[in-house]
Amino acid sequence: MTNDAIPNLSAYDDDSLDKAFTALQKQAQADAAAMAGLDDLEAFRLKWLGRKQGLLNDVSSRWLKAAPPEAKKSVGERFKSLKSLVESLLDSAEGAGPSDAALAAEAIDITLPGTRRLTGAEHPITRTLNEIVSVFAALGYSVGVGPEVETDFYNFESMNFPPGHPARDTQDTLVVACQERRPLRDRLLLRTHTSPVQMRTMEQQPPPVRIVIPGKVHRNDAQDATHSPIFHQVEGLCVDRNITFSDLKGTLDHAMKALFGSSVKTRFFPSFFPFTEPSADVQISCIFCGGKGCRKCKQSGWIELLGCGMVDPAVFAFAAEKQPAYDPRKISGFAFGMGVERIAMMKYGISEIGQFYAGDMRFLGQFA
Ligand code: PHE
């Protein structure tokens, strides 16, 4: 497309004007038809509508402005319709977009489903753990944590398992290798329970204490349907003046009702833990049969769920080495510890503990 100059008009009668304008209209149509791509579109725009060198600008100055007064109207009308023709040619060329072939080459099947991201969801263990923690958070408990690789001192000695004491055999322990040269209390092991964090907490703060401690624990146990060498516990510790066994019973009865439903009953059986005295195992009425007796509760109507007891004065004595306010003559407290897997298995009716760790999406997807 070259910029053909606009000749001056010699006559302004209707016939001459028609001829002159029709020629330009045809040219504009021919130019528009010859356009192929975006560059041509821009060239067309410049050629016809360009502010300085555009043909319409030329027409305006050579024909319209130069027209004698009596011909101004008829030139003006024709000029207007030429201009709108050029503009509409440009509009429709712009609107036409890429060619059919170009579109076909880029075509995508919009009926295909999009790439969907899987929704993340809490693992059932995490969910249960958070649920247990929030029951106690609502009672004013705060949350504490401690290391999974623990010293013999915190895991055992300060929890009143003296070196060589047979109570240590109840928690078959995975120890870190090559520690023999260290004094026994400094040797590292994988904590067998969350109870060492009781001591770590008391060393850090004087009473009162109300804390729950969720975390991972390790035992050298063979895996079976209900045991895993790695599992989770939530520990609880409450220390203040005048804390009694009734406080312990009331707290755990409330927690079990909050976790399993208000119709659940609790009962406390004498038990033994070195760090509590007296100690108890807590049983809840079977949530599967309502206490009538079924296969799950071995026809007893009760299911054992957690351990608890009043903090042993010997434990307070270890705490008092750093925080003298833990004087068993002035304060008392209770502690409890529960297995998260066991509670999750009950709540969701899961019979194989291994399902929690297998990473099978068919299992985990049910909790999404
Ligand atoms: N630590 C005990 C265990 O792992 C549970 C427990 C915690 C019992 C606190 C009493 C008090 O078996």
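Residues numbered from 1 in each chain as written. Predicted model: local features only at pLDDT ≥ 70, side-chain atom pairs only at ≥ 80, totals over all residues. Heavy atoms only, no water.

A. Here's a closer look at the nonpolar core. Core analysis: the largest hydrophobic core is formed by 44 residues, its most contacted members being Phe136, Leu252, Met256, Phe260, Phe336 and Met338. One finds Ala20, Trp48, Leu55 and Leu82 within the second-largest nonpolar core, a separate group that totals 26 residues. (Core = buried A, V, L, I, M, F, W, Y, C linked by side-chain atoms within 4.5 Å. Buried < 20%, exposed > 50% of the residue type's maximum accessible area, 1.4 Å probe, protein only.)

B. Fine view of the site of the ligand. Taken together, 15 residues sit near the ligand, with His193, Ser195, Arg219, Gln233 and Gly337 positioned nearest. A distance of 2.9 Å separates an oxygen atom of the ligand from a polar side-chain atom of Arg219. Between the ligand and Gln233 there is a distance of 2.9 Å, counted from an oxygen atom to a side-chain nitrogen or oxygen. When the free accessible area of the ligand is taken as 330 Å², the share hidden by the protein chains comes to 92%. Elements that contribute at least two residues to the shell around the ligand include exactly strand 5 (230–240), strand 8 (302–311) and strand 9 (332–339). Counting residues per element, the shell around the ligand draws most heavily on strand 9, which supplies three residues. By residue class, the composition of the shell around the ligand is five nonpolar, eight polar and two charged. (Near = heavy atom within 4 Å. Polar contact = N/O pair within 3.5 Å; in protein donor to acceptor, adjacent residues only side chain to side chain. Areas by Shrake-Rupley, 256 points an atom, 1.4 Å probe, with all protein chains shown as cover. Helix = DSSP H or I, 4+ residues; strand = E, 2+ residues; numbered from the N terminus. Nonpolar A, V, L, I, M, F, W, Y, C, P; charged D, E, K, R; others polar.)

C. The arrangement of the sheet that holds strand 1 (residues 142–143) in detail. Spatial strand order, 1-4-5-9-8-7-6: seven strands in an open sheet with mixed pairing. Edge positions in the sheet fall to strand 1 and strand 6 (266–273), since each has one partner strand and no second. Bridging between strand 6 and strand 7 (residues 276–285) involves seven bridges; their strand directions are antiparallel. When the sheet's bridge partners are listed, Ser271 is paired in strand 7 with Ser279. Packing of helix 9 (residues 245–260) onto the sheet brings it into contact with strand 6, strand 7, strand 8 and strand 9, and relative to strand 8 it is tilted by some 145°. The strands touched by helix 10 (residues 313–320) are strand 5, strand 8 and strand 9; relative to strand 8, the strand with the most contacts, the crossing angle is about 50°. (Pairing = 2+ DSSP bridges. Contact = heavy atoms within 4.5 Å. Axes fitted to C-alpha atoms, helices over the stretch in contact; angles between N-to-C directions.)

D. Focus on the side chain of Asp281. Examined against the element boundaries, Asp281 turns out to sit in strand 7. Buried and unpaired, Asp281 has Arg342 as its nearest opposite-charge partner, separated by 9.5 Å. Within the structure, Asp281 has its side chain in polar contact with the side chain of Ser271 (distance 3.2 Å). When near neighbours in sequence (up to four residues on either side) are disregarded, Asp281 contacts Arg267, Phe268, Phe269, Ser271, Phe273, Glu304, Leu306 and Gly307. (Lys, Arg positive; Asp, Glu negative; His and termini not counted. Salt bridge = Lys/Arg side-chain N within 4 Å of Asp/Glu carboxyl O.)

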